[in-house]
Amino acid sequence: DAGVIQSPRHEVTEMGQEVTLRCKPISGHDYLFWYRQTMMRGLELLIYFNNNVPIDDSGMPEDRFSAKMPNASFSTLKIQPSEPRDSAVYFCASAKGTARTEAFFGQGTRLTVV
Amino acid sequence: AQSVTQPDIHITVSEGASLELRCNYSYGATPYLFWYVQSPGQGLQLLLKYFSGDTLVQGIKGFEAEFKRSQSSFNLRKPSVHWSDAAEYFCALFSGGYNKLIFGAGTRLAVHP
């Protein structure tokens, strides 16, 4: 398997624009996680899905952030409108069977909002 | 409160020297503990994990970690560091109550030749 695939790897956008980050989990994995990594706050879990259903979105910072998982092989994280403080690396991870097993991480999307 | 503390933000060692990265946790029940490594520009990769049983766990790349309940610690060790080990290391705790991983702030390891 190619692992967790995220796109794009880098995104630079202007404040106020909509940004969509994409993730393809490992085939057969039933958990999908979105994390944000910043210098100030470290790794934060934003939201996770089980069998395509959002289970816990308490980490989503505000209504500008939304995430969907329309099927088992694709998820998006959308920020609308984007702000400079959203600049971070966003990771997608997937796991099989239970949230406490090994999570496999994608390479991340580095988002810069100017 | 459930938390993970990595006291050392940066550590520098010489190649070939031994390494110990500290991790302390706060959790009310038996913890599920993990160490992940993040190379520059990459995602996180699992080094090892502790669920139960033997308190000394072996991982990939020659790493090991020891779970000490009395000290609430899960320190990562390697007897001889290679230049390729330069990376950031994250200790994590699985929180059953919240059903999610709680990560420490990370320790950035530099290796001098």
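First, a word on what this report is: a plain description of the structure on this page. Fair warning: this is a prediction, and the values are worked out from it, not measured in the lab.

Here is what the cut-offs are and how they apply
- Residues numbered from 1 in each chain as written.
- Chains lettered and ligands numbered in written order.
- Predicted model: local features only at pLDDT ≥ 70, side-chain atom pairs only at ≥ 80, totals over all residues.
- Heavy atoms only, no water.
- Contact = heavy atoms within 4.5 Å.
- Buried area = accessible area lost by both parts, 1.4 Å probe.
- Salt bridge = Lys/Arg side-chain N within 4 Å of Asp/Glu carboxyl O.
- Buried < 20%, exposed > 50% of the residue type's maximum accessible area, 1.4 Å probe, protein only.
- Helix = DSSP H or I, 4+ residues; strand = E, 2+ residues; numbered from the N terminus.
- Core = buried A, V, L, I, M, F, W, Y, C linked by side-chain atoms within 4.5 Å.

**Thoughts on the interface of chain B and chain A**
- Tallying the contact residues gives 17 residues for chain B and 17 residues for chain A.
- Note on chain B versus chain A: buried area summed over both sides is about 1,600 Å², and carbon and sulfur give 54% of it.
- Together, Leu44, Asn99 and Phe103 of chain B form the three largest contributors to the area buried by chain B at its contact with chain A, with a combined 27%.
- Taken together, the links from chain B to chain A amount to 0 salt bridges.

**Comments concerning the pattern of salt bridges**
- Within this structure, the stated rule accounts for 13 salt bridges over all chains.
- Here glutamate 44 of chain A makes a salt bridge to arginine 41 of chain A, at a shortest N to O gap of 2.7 Å.
- Relative accessible area serves as the criterion here: at 14%, glutamate 44 of chain A is assigned to the buried category.
- A salt bridge links glutamate 64 of chain B to arginine 77 of chain B; its shortest N-O distance comes to 3.2 Å. One end of the pair, glutamate 64 of chain B, is in strand E8 (residues 64–68); the other, arginine 77 of chain B, is in strand E9 (residues 73–78), with 13 residues separating them in the sequence.

**Observations concerning the nonpolar core**
Residues and elements named next belong to chain B.
- One finds Leu19, Trp35, Leu47, Leu48, Phe74, Leu76 and Tyr89 to be the most contacted residues of the largest nonpolar core, which totals 27 residues.
- Those elements that place two or more of their residues in this core are strand E2 (10–14), strand E3 (19–21), strand E5 (32–38), strand E6 (44–50), E8, E9, strand E10 (87–95) and strand E12 (107–112).
- For this core, the element with the highest residue contribution is E10, accounting for 4 residues.
- With sequence-adjacent residues up to four places away left out, tyrosine 89 is seen in contact with Gln6, Leu21, Trp35, Tyr36, Val37, Leu47, Phe63, Leu76, Gly106, Thr107 and Leu109.

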